[in-house]
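Structural features, examined
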Amino acid sequence: TSITRHLIYIALALTPTWGSAENTLCTKSEKVIFSCKVQKSIKTVSVCGSKSLTRNSGYLQYRFGTEQRVEFVYPTTKVSSQERFYWGEKHLMEGSFIGELTFINHGYIYTIGVHDVAEKLNDVPGGSQGGEVVVQKSGDPKISRLTCEGFPYGEFYLQGIVRDENDLIGAK
């Protein structure tokens, strides 16, 4: 139901993380949408937005690197940047959620994902939670995966703010 879905989003936003607010490339004046340290790396992946982010105002940016050197920012221009992202979500069963934020840059598809899967689905005691970034060249079956250390930090819910994932089909 709608109430259950919103309670799951609130729980995800308030879930204590293994990472911390320090593992972000967002500034103090920005809203952290998604941020985590990449496993076996010193790098951090962050999605940052303006505090007043809506469908028609503010901005959204993906960032990758370290606090000392951000290696990749998408998009580089903040104006209307939320129009370059796509949101999708799946609810596999009560208590399970998969959220995905996708963008395309120079023929590469980037998907930032969060999952909170109930124990009933995967037989893992307590279920499983995590985050990752998957990068794939359009039309190529090979993927690169950056897995988060623990559950990502942030308020990862952008329905109604960015474009719907169904709009992505024509964009590929």
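Quick summary incoming for the structure in this document. What you see is a predicted model, and the numbers here were worked out from it, not measured in a lab.

Here's the deal with the sheet that holds strand β3 (residues 60–65)
The four strands lie next to each other as β1-β2-β3-β4, forming an open sheet whose pairing is antiparallel. Strand pairing shows two members of the sheet lacking a second neighbour, β1 (30–37) and β4 (70–74), which therefore form its edges. Strand after strand, the sheet turns through a mean of 20 degrees between neighbouring axes, direction not considered. Strand direction decides the pairing type here: strand β2 (residues 44–50) and β3, joined by six bridges, are antiparallel. The residue bridging Val45 from the neighbouring strand is Phe64, located in β3.

Details of the side chain of Ser46
You can see Ser46 is positioned in strand β2. Ser46 gets classed as buried once you look at its relative accessible area, which sits at 0%. Polar side-chain contacts of Ser46 include one of 2.6 Å to the side chain of Ser35. Setting aside anything within four residues of it in sequence, one finds Ser46 in contact with Thr24, Leu25, Cys26, Phe34, Ser35, Gln61, Tyr62 and Arg63.

Remarks on the nonpolar core
Among the nonpolar cores identified, the biggest contains 27 residues, and Phe34, Tyr62, Leu101, Ile112 and Leu158 are the most heavily contacted of them. Apart from the residues within four sequence positions on either side, Leu101 is in contact with Val47, Phe85, Tyr86, Trp87, Tyr110, Thr111, Ile112, Phe156, Leu158 and Val162.

Observations regarding the state of the cysteines
Within the structure shown, the criterion is met by two disulfides. Paired by a disulfide, Cys26 and Cys48 hold their sulfur atoms 2.0 Å apart. Sign of the S-S torsion, about -90 degrees for the bond between Cys26 and Cys48, identifies this disulfide as left-handed. Highlighted residues: Cys26 in the loop between α1 (2–14) and β1 and Cys48 in strand β2, separated in sequence by 22 residues. Per residue, the accessibility class of Cys26 equals that of Cys48, and both read buried. Here Cys36 connects covalently by a disulfide to Cys148, the sulfurs 2.1 Å from one another. Here Cys36 and Cys148 share a disulfide; its torsion about the S-S bond, -65 degrees, makes the bridge left-handed. Placement of the pair is Cys36 in strand β1 and Cys148 in the loop between β9 (143–147) and β10 (163–164), with a sequence separation of 112 residues. For the residue pair Cys36 and Cys148, the accessibility class agrees, reading buried in each case. Counting its disulfide-bonded cysteines in sequence order, the protein chain shows a connectivity of 1-3, 2-4.

About the cut-offs
Residues numbered from 1 in each chain as written. Predicted model: local features only at pLDDT ≥ 70, side-chain atom pairs only at ≥ 80, totals over all residues. Heavy atoms only, no water. Pairing = 2+ DSSP bridges. Helix = DSSP H or I, 4+ residues; strand = E, 2+ residues; numbered from the N terminus. Axes fitted to C-alpha atoms, helices over the stretch in contact; angles between N-to-C directions. Buried < 20%, exposed > 50% of the residue type's maximum accessible area, 1.4 Å probe, protein only. Polar contact = N/O pair within 3.5 Å; in protein donor to acceptor, adjacent residues only side chain to side chain. Contact = heavy atoms within 4.5 Å. Core = buried A, V, L, I, M, F, W, Y, C linked by side-chain atoms within 4.5 Å. Disulfide = S-S within 2.5 Å.

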